[in-house]
Amino acid sequence: MGHPEAAEKFIANDERMHWHDKALWFVREKRDLAAHGIPEWEELRRVAKQIKTHVMSKLDVYLEEFEENAKEKGIHVHWAKDAKEHNEIVLKLLLNRGAKKLVKSKSMLTEECHLNPYLEENGIDVVDTDLGERIVQLREEAPSHIVLPAIHLKKEDVGTTFEHFLKTEKGNSDPTYLTRSARVHLRKKFLNADASLTGVNFGIAETGGIVVCTNEGNADLGASLAKLHIASMGIEKIIPKIKDLAVFTRLLSRSATGQPITSYTSHFHAPVEGGEMHIIIVDNGRSKILGSQDFKQSLNCIRCGACLNTCPIYRRSGGHSYGYTIPGPIGSTLGPSKDLSANKTLPFACTLCASCSNVCPIKIDLHHQLYKYRQHVVNAGLLATKKHTILKVAAWVMKHPSLLDFGGKIARKIVPIMPRSILYSSANIWGKKRELPKFPKNSFKELYKQHKEGKK
Ligand code: SF4
């Protein structure tokens, strides 16, 4: 199912669609306030882009520096070329140590690798400990947002989910009560875990350490209690020096939720006493993107989610309609980079309004990338025949001004008197959800001419 069909299902619930739209716009407004609160915002964006561009031009050097420094601190470093290798490394680390219970903090990379189902098939009990992630895990759903995984759900939905799985009071959907119940439930999981897995927000080449940002402290608790800490890191997460971190942490939380800083910005630079720390550096298609002039900027993403919150399509169609691990504008470029055919509708889930590029803290040219991917879809012959034909005819007519004038004249005469059943037949895709505007008597060209001749 492509994005339009999946989106149609989401918007069928009009009330939910408007509520989703409003909830995300609220986050977008918080971001605006936070961004406008510091005068050097644009300077920070400019520097962040410079740092990322520099890192990507020397990624091999920085990754090797990171590995060397991490090893010196007693951290084990593994390299995974794809999702399969990543998952196998995690499983092997767990099985070799007899670990059966894993607590996991938020990691979009492990979602991308489909780690949870793989581990569960192999007898590992995996518990997502981020509250939103735990809610969607219990419901057997994918996260619908990269920062707010359960944003598609109302508190009543969470109430019924907890009622079923955590045996909370029937009909009680008070957020404080539900959060406290989740806390009690998760605390037991933390205390009984054999191992923890975290994502990585930033890997610092200079120190060989990693930084994980959360608002719940769940990554810290997991990694501090269990003796085995595994961190999954995409190759693009590297920054050169510790001083660069300040640029990104200031941008990340403000862009994500409008906070000046995430509640926990945790540095992991060594295993816990008597324990082990392993970092898995994962490629999984990233070096292919790095080799593409048009799309390599997408690797600069720090997963703040701001482009999702501002996108008029994402807000109204929901994250699940994208059918790719990462939804929204950034997902619509990363998805086709991974598999153009499977994600061919995503570059069209865009109005080209450029709001995503305007809010992106790293100034990624998202709307240009989406526009470029549309051309790739057409060139690969993947555009739906109906759409392709309509666009070809439209392009041909527009290339012939006299034909366009003639067509316009006929349409202005015929369309207003056409029966509704014909005008809004299934051939009129545009008119499926909208009313055609009232046709004016004259075209703009005619009005302009009359005006110039002084008739109007
Ligand atoms: S593309 Fe930019 S705005 Fe979107 S998630 Fe990544 S960093 Fe944030």
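Structure first, text after, so check above.
This write-up is about the structure you can find in this document. (Residues numbered from 1 in each chain as written. Predicted model: local features only at pLDDT ≥ 70, side-chain atom pairs only at ≥ 80, totals over all residues. Heavy atoms only, no water.)

Here we look at the overall build of the chain
Of regular secondary structure, the chain possesses 22 helices and ten strands. In terms of overall dimensions, the chain has a C-alpha envelope of 90 × 55 × 45 Å along the principal axes. Within the chain, the proportion of its 456 residues that are buried is 50%. Put simply, of all contacts in the chain between residues at least 6 apart along the chain, 73% involve residues at least 24 apart. Total accessible area on the chain is roughly 22,800 Å²; 57% of this is exposed by carbon and sulfur atoms. (Helix = DSSP H or I, 4+ residues; strand = E, 2+ residues; numbered from the N terminus. Buried < 20%, exposed > 50% of the residue type's maximum accessible area, 1.4 Å probe, protein only. Contact = heavy atoms within 4.5 Å. Areas by Shrake-Rupley, 256 points an atom, 1.4 Å probe, with all protein chains shown as cover.)

So, the packing of aromatic side chains
Aromatic ring pairs are described here by two measures, namely the spacing of the ring centres and the angle between the planes. Under the criterion given, the structure shown has four aromatic pairs. Between Phe 202 and Phe 248, the aromatic rings sit 5.7 Å apart at their centres with planes inclined by 40 degrees, giving tilted as the arrangement. Of this pair, Phe 202 sits in strand E5 (residues 202-204) while Phe 248 sits in helix H12 (residues 242-257), and the two are 46 residues apart along the sequence. Note on Phe 202: relative accessible area 1%, which makes it buried. A cation over an aromatic ring shows up here: Lys 52 above the ring of Phe 248, its NZ or CZ 5.8 Å from the ring centre. Arg 420 extends its terminal NZ or CZ atom over the ring of Tyr 424, reaching a point 4.2 Å from the ring centre. (Phe/Tyr/Trp six-rings, centres within 6.5 Å; stacked < 30°, edge-to-face > 60°. Lys NZ or Arg CZ within 6 Å of the ring centre and 35° of its normal.)

Remarks on the sheet that holds strand E8 (residues 238-239)
Here we have four strands laid out as an open sheet, ordered E8-E5-E6-E9, and mixed in their pairing. Bordering the open sheet on either side are E8 and strand E9 (264-268), each of which pairs with just one other strand. Pairing of E5 with E8 involves two bridges; the strand directions are parallel. Residue pairing across strands places Gly 203 opposite Ile 238, the latter belonging to E8. (Pairing = 2+ DSSP bridges.)

Looking at the packing of helix H19 (residues 385-398) against helix H20 (residues 401-414)
Close contact between H19 and H20 brings their axes to 6 Å; oriented N to C, the two are set at 110 degrees. Viewed along their axes, H19 and H20 adopt a mutual orientation that is roughly perpendicular. In this structure, H19 contributes Trp 396, Val 397 and Met 398 to the contact, and H20 contributes Pro 401, Leu 403 and Leu 404. Residues of the contact of H19 with H20, tallied by class, amount to six nonpolar, no polar and no charged. (Axes fitted to C-alpha atoms, helices over the stretch in contact; angles between N-to-C directions. Parallel < 35°, antiparallel > 145°, perpendicular 65-115°, else oblique. Nonpolar A, V, L, I, M, F, W, Y, C, P; charged D, E, K, R; others polar.)

Observations concerning the pairing of strand E2 (residues 101-104)
Looking at chain direction, E2 and strand E3 (residues 125-128) are connected through four bridges and run parallel. Counterpart to Val 103 in the pairing with E3 is Val 127. Examined bridge by bridge, E2 and strand E4 (residues 195-198) share three bridges and lie parallel to one another. In the strand pairing of E4, Val 103 is matched with Ser 196.

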